[in-house]
Amino acid sequence: MSFIDVRNKKGTSDKVPPSGYSSWLAFWEKKKGNKATKCEVMSCKGSADLGGHVIKAGEGGKEYILPMCASCNNKSESENFKAWDTDLVPVQ
Ligand SMILES: [Zn+2]
């Protein structure tokens, strides 16, 4: 396991989860086979309020879902933060 720099992808609030999933957080839980219990942003103690869309720094536009608290999900698009690589679930 290693942790990496990610940042929020903006303009995703109108993206609906894939068919069969009630939310992006449900999508993440199903793909991981785990319950999302907390915000997975490094050193944040917040709760898993939603499945946020993030991109890896330096990787281009590929989107991943990460359980996040509302506060972390509101970080600026230009602010990098750290998360475990294994907590990122690719969209699609
Ligand atoms: Zn957080």
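Source: prediction; values computed, not measured.

Rules of the game
- Residues numbered from 1 in each chain as written.
- Predicted model: local features only at pLDDT ≥ 70, side-chain atom pairs only at ≥ 80, totals over all residues.
- Heavy atoms only, no water.
- Donors = N, O, S within 2.8 Å, 3.2 Å for Na, K, Ca; no water.
- Tetrahedral: all angles 85-135°; square planar, octahedral: opposite > 155°, others 65-115°.
- Buried < 20%, exposed > 50% of the residue type's maximum accessible area, 1.4 Å probe, protein only.
- Salt bridge = Lys/Arg side-chain N within 4 Å of Asp/Glu carboxyl O.
- Helix = DSSP H or I, 4+ residues; strand = E, 2+ residues; numbered from the N terminus.
- Pairing = 2+ DSSP bridges.
- Contact = heavy atoms within 4.5 Å.
- Axes fitted to C-alpha atoms, helices over the stretch in contact; angles between N-to-C directions.
- Polar contact = N/O pair within 3.5 Å; in protein donor to acceptor, adjacent residues only side chain to side chain.

**As for the coordination of the zinc ion**
Here comes step 1: The zinc ion binds to the protein through Cys-39 (SG), Cys-44 (SG), Cys-69 (SG) and Cys-72 (SG), with metal-donor distances spanning 2.3 Å.
Here comes step 2: Note that the zinc ion binds four donor atoms; their angles at the metal cover 103 to 117°, and the shape is tetrahedral.
Here comes step 3: The exposure class assigned to Cys-72 is buried, which follows from its relative accessible area of 5%.

**Side note on the pattern of salt bridges**
Here comes step 1: Going through the model one piece at a time under the given rule, you end up with seven salt bridges.
Here comes step 2: The partner of Lys-15 in a salt bridge is Glu-63, with the nearest N and O atoms 2.7 Å apart. One end of the pair, Lys-15, is in the loop between β1 (3-8) and α1 (24-32); the other, Glu-63, is in strand β3 (residues 63-68), and 48 residues separate them in sequence.
Here comes step 3: We classify Lys-15 as partly exposed; its relative accessible area is 35%.
Here comes step 4: One salt bridge in this structure joins Asp-85 and Lys-56, with 3.2 Å as the shortest N-O distance.

**Some thoughts on the sheet that holds β3**
Strand pairing in a sheet is mediated by backbone hydrogen bonds. Such pairs are either parallel or antiparallel.
Here comes step 1: In spatial order, the strands read β4-β1-β2-β3-β5; together these five strands make up an open sheet with antiparallel pairing. The strands lining the two open edges of the sheet, one partner per strand, are β4 (81-84) and β5 (89-90).
Here comes step 2: Pairing of β1 with strand β2 (residues 50-56) involves three bridges; the strand directions are antiparallel. Counterpart to Asn-8 in the pairing with β2 is Val-54.
Here comes step 3: The sheet strands contacting α1 are β2, β3 and β5, and the helix crosses β3 at an angle near 100°.

**Looking at the side chain of Asn-8**
Here comes step 1: Structurally, Asn-8 can be placed in strand β1.
Here comes step 2: Overall, the relative accessible area of 1% leaves Asn-8 in the buried class.
Here comes step 3: Within the structure, Asn-8 has its side chain in polar contact with the backbone oxygen of Asn-73 (distance 3.4 Å).
Here comes step 4: At 3.0 Å, the side chain of Asn-8 forms a polar contact with the backbone oxygen of Lys-75.
Here comes step 5: Non-local contacts of Asn-8, meaning those with residues more than four positions away in its chain, are made with His-53, Val-54, Met-68, Cys-72, Asn-73, Asn-74, Lys-75, Glu-77 and Phe-81.

Shape is all these values report; function is a separate question.
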